[in-house]
Every structure is written in structure tokens, then in C-alpha cells.
Amino acid sequence: PSGELSMPDKALELLDFAIVSIHSSFNMNKKEMTNRIIRALGHPKAKILGHPTGRLLNQREGYEIDWDELFNFCLKNHKILEISAYPNRLDLPDTLVREAVKLGVMLCVGSDAHSVDEMELMYYGVAVARRGWAEKNSIINTFPANEINDILLK
């Protein structure tokens, strides 16, 4: 809940970068949750926020976040928001994808796959990105490998 990453820094040093996500303590108020996410994304290895709203379709509403504050943080600190293609998430929703794109926040499409077969779910993430008017210049997955490295290894 504090925004500390669940892995020790010694372990994180072994990684090129990390995707961070909220997986517990969902009932924080908007300010607390925003601060928590920003603190987690503030870690030098944290580059991407996975399934940013935390919603599970037909199961759980997303948590409240100050999106303006998060978008500004991402812009200033070169952080990326995921569009999870997993059908029960489809998170970031298209309306927030649109806001992110308008502001210039970088996005990535992630499968959230738990098996090789689930890689086919990427189609759904691309569909969400398209509904949010994201074009390839906003989605790092579309960049050449050397540009992705430049972004993620900054």
C-alpha cells in the first residue's frame, strides 16, 4: 500500500526494467492510490504501469486515481501505461487511452498472458488502442527494437 515495490532492490538490479501493477489493497482513496502508484513508478527500474485502473470487467470496478496527476508524472518521467489485452481487463479503457494520447503519454499493449496460447489476445488490446485513437507513434510495441531499448533503459 505504501507504493514500495514487492521485490528487494538487489533483485531489481538484475532487471533491465520492471512493469509495476497493483494487486492488493484496492480500497484506498483517490489521493492515497495516486500517491502509491506514483511512488511505485518513481523507482528507477519501474517503466510501465500494468493494467492501470485495476478493473476486472463484470467483477471489480477500478480504483480511483487522479489521472491528470498520473499523466503528468508519466510525461515528466518517461513512464508508460499499459493497455492490457486480457479480455476481463481491457485496461486502460479506450476513454483514458484517448486522454493519454492527446497529452502525449506513451502506451504499450500487453497480453497479460499466462500461457503461450494467450498471446493471441493481443488483438483485443490493439482494438482498445484503436478505439482510443492511439496510433503507432503512441504505442512503444510498434517501435524498432533499438528505440524500445532507448525508452526502457533510460
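Residues numbered from 1 in each chain as written. Predicted model: local features only at pLDDT ≥ 70, side-chain atom pairs only at ≥ 80, totals over all residues. Heavy atoms only, no water.

Asker: Talk me through the overall build of the protein; I want residue IDs and the actual numbers.
Answerer: Looking only at helices and strands, the protein has six helices and four strands in total. Helices and strands appear in the protein in the N-to-C order α-β-α-β-α-β-α-β-α-α. For 154 residues, the compact-globule estimate of 2.2 N^0.38 gives 15 Å, and the protein sits close to it at 15 Å. For the protein, the spread of C-alpha atoms along the principal axes amounts to about 40 × 35 × 35 Å. A total of 154 residues make up the protein; the buried ones form 42% of that total. Within the protein, contacts between residues separated by at least 24 positions form 73% of all contacts whose residues are at least 6 apart in sequence. (Helix = DSSP H or I, 4+ residues; strand = E, 2+ residues; numbered from the N terminus. Rg over C-alpha atoms; globule rule 2.2 N^0.38 Å. Buried < 20%, exposed > 50% of the residue type's maximum accessible area, 1.4 Å probe, protein only. Contact = heavy atoms within 4.5 Å.)

Asker: Tell me about the layout of surface pockets, residues and numbers included.
Answerer: Volume-wise, the largest pocket comes out at about 380 Å³. Lining the largest pocket are 19 residues, and of these E4, L5, S6, V20 and S21 lie nearest its centre. For the lining of the largest pocket, the secondary-structure elements that each account for two or more residues are strand 1 (18–20) and helix 2 (30–41). When grouped by side-chain class, the residues that make up the lining of the largest pocket number twelve nonpolar, five polar and two charged. (1 Å grid on protein atoms, 1.4 Å probe; cavity = no way out; pocket = protein on both sides within 12 Å on 5 of 7 lines; lining within 4 Å. Points joined across faces, edges and corners; volume = space filled by probe spheres on them. Nonpolar A, V, L, I, M, F, W, Y, C, P; charged D, E, K, R; others polar.)

Asker: Talk me through the state of the cysteines; I want residue IDs and the actual numbers.
Answerer: Applying the stated criterion across every chain yields a total of zero disulfides. C108 takes part in no disulfide bond, and the closest cysteine sulfur, belonging to C74, lies 11 Å away. (Disulfide = S-S within 2.5 Å.)

Asker: Please provide a residue-by-residue account of the environment of R89, values included.
Answerer: Turning to its location among the elements, R89 is positioned in the loop between strand 3 (80–84) and helix 4 (94–103). It is 6.1 Å that separates the C-alpha atoms of R89 and R55, two residues lying 34 residues apart in sequence. Once you skip the residues sitting within four places of it in the chain, R89 turns out to touch H51, G54, R55, L56, L57, R60, S84 and D112.

Asker: Tell me about helix 3 (residues 67–77), and please be specific about residues and values.
Answerer: Listing the buried residues of helix 3 in full gives W67, L70, F71, F73 and C74. Looking straight down helix 3, one finds its buried side chains confined to an arc of 160 degrees; they lie on one side. Summarising the geometry of helix 3, the exposed residues directed more than 90 degrees from the buried face are D68 and K76. Elements that come into contact with the buried residues of helix 3 comprise helix 2, strand 2 (46–49), strand 3 and helix 4. If you check the start of helix 3, you find a side-chain oxygen 3.2 Å away from the backbone N of D68, and it comes from D66. (Arc of directions from axis to C-beta. Polar contact = N/O pair within 3.5 Å; in protein donor to acceptor, adjacent residues only side chain to side chain.)

Asker: Which residues make up helix 5 (residues 122–131), and what are the values?
Answerer: Listed in full, the buried residues belonging to helix 5 are G125, V128 and A129. Each buried residue of helix 5 sits inside an arc of 100 degrees when the element is viewed along its axis, so together they form one side. In helix 5, the exposed residues that point more than 90 degrees away from the buried face are Y123 and R130. Structurally, helix 5 contributes buried residues whose contacts are with strand 3, helix 4 and strand 4 (106–110).

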